[in-house]
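In case you want the letters, here they are:
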Amino acid sequence: MVQSALPVDARPLPSTERLRLRRLTMADADALVELDGDPEVMRFLTGGAPTPLAVVRDEHLPRLLAQYERHPGLGRWAALDRETGEFLGWFALDPSADGAEAELGYRLRRRTWGRGLATEGSRALVRYAFDTVGVRRVWAQTMAVNGRSRRVMEKAGLRYLRTFHLDWDDPIPGTEQGEVEYELRREDRGEPAQERPAALRAR
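A brief look at the structure comes next. (Residues numbered from 1 in each chain as written. Predicted model: local features only at pLDDT ≥ 70, side-chain atom pairs only at ≥ 80, totals over all residues. Heavy atoms only, no water.)

### What to know about the pattern of salt bridges
- For the structure on display, the rule yields 19 salt bridges.
- A salt bridge links Glu 86 to Arg 109; the shortest N-O distance between them is 3.2 Å. On the criterion of sequence distance, the pair formed by Glu 86 in the loop between β2 (75-81) and β3 (87-95) and Arg 109 in the loop between β4 (101-108) and α4 (117-133) is long-range, its members being 23 residues apart.
- On the basis of relative accessible area, Glu 86 is assigned to the partly exposed category, the value being 30%.
- Residue Glu 181 pairs with Arg 137 through a salt bridge whose shortest N-O separation is 2.4 Å. Of this pair, Glu 181 sits in strand β7 (residues 179-185) while Arg 137 sits in strand β5 (residues 137-143), placing them 44 residues apart in sequence. No difference in accessibility class separates Glu 181 from Arg 137, as the two residues are buried.
- Connected through salt bridges with shared partners, the residues Asp 98, Glu 101, Arg 136, Arg 137, Arg 162, Glu 181, Glu 183 and Arg 185 form a single ionic network. (Salt bridge = Lys/Arg side-chain N within 4 Å of Asp/Glu carboxyl O. Helix = DSSP H or I, 4+ residues; strand = E, 2+ residues; numbered from the N terminus. Buried < 20%, exposed > 50% of the residue type's maximum accessible area, 1.4 Å probe, protein only.)

Have a look at this one:
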């Protein structure tokens, strides 16, 4: 098979049967604030505290938009309903300093939970990270007590690596049980890309 001559940042982002990803823009500020305003969405991140508009608009979005140019093919993307175009949340492959590794992440509106969207999007991004971007490692972290996210990591093909403890100025409930890290390295991938379900193909 002849590989595409297009640079990574010019190739289509992955999509699935139910999800479409696109780059974030400054116009997404209100949607991101609304997402972070749900205490359940933020439960294992801030203990339920929301993210202020000023932080999203003046800190988060400028940093994320600049990241697209520094590390082509990596970053954070808005997740849209493939049929309606509705904003559902975001998925991420946040780059390491050299761009050779990526941290898998996602945040979705609570009403989308339980439908397998987090797993669907994460699987697509793991494949994209290795097959299109060419990273050597994908990893993810969450609180040890966050069983829902740990299951998504496992279903996306990542493997448990370690449990560790951090010192926080304002620890949230569950902090005492530590954080967990999962990873998948390029050399440890098992299933060949061409054998993966068609719904996970990059389109």
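### Quick notes on the pairing of β3
- Judged by how many residues are buried, β3 sits mostly within the fold: nine of nine residues are covered.
- Here β2 hands over to β3 after five residues, with Gly 85 in that stretch at a positive phi of 80°.
- Of the pairings in the sheet, the one linking β3 to β4 comprises seven bridges and is antiparallel in character. Bridge pairing in β4 places Trp 90 opposite Arg 107.
- The antiparallel pairing of β3 with β4 creates a hairpin that spans five residues between the two strands, and Gly 99 there sits at a positive phi of about 75°. (Pairing = 2+ DSSP bridges.)

### Topic: the nonpolar core
- If you look at the biggest cluster of nonpolar residues, it comprises 46 residues, and the most contacted ones within it are Trp 77, Leu 93, Leu 104, Leu 125, Val 126, Val 138 and Leu 158.
- In terms of residue count, α4 provides more of this core than any other element does, seven residues in total.
- Residues contacting Val 126, with those up to four places away along its chain left out, are Leu 104, Val 138, Ala 156, Leu 158 and Leu 184. (Core = buried A, V, L, I, M, F, W, Y, C linked by side-chain atoms within 4.5 Å. Contact = heavy atoms within 4.5 Å.)

### Side note on the packing of helix α1 (residues 29-36) against helix α3 (residues 53-70)
- Relative orientation of the contacting elements α1 and α3 amounts to 120°, with a least axis distance of 9 Å. When the axis of α1 is compared with that of α3, the two are oblique. α3 is crossed by α1, and the crossing has right-handed handedness. In this structure, α1 uses Ala 29, Asp 30, Leu 32 and Val 33 to contact α3, whose residues at the interface are Leu 53, Val 56 and Leu 61.
- Across the contact of α1 with α3, the residue classes break down as six nonpolar, no polar and one charged. (Axes fitted to C-alpha atoms, helices over the stretch in contact; angles between N-to-C directions. Parallel < 35°, antiparallel > 145°, perpendicular 65-115°, else oblique. Left-handed = near helix turned anticlockwise from the far one by under 90°. Nonpolar A, V, L, I, M, F, W, Y, C, P; charged D, E, K, R; others polar.)

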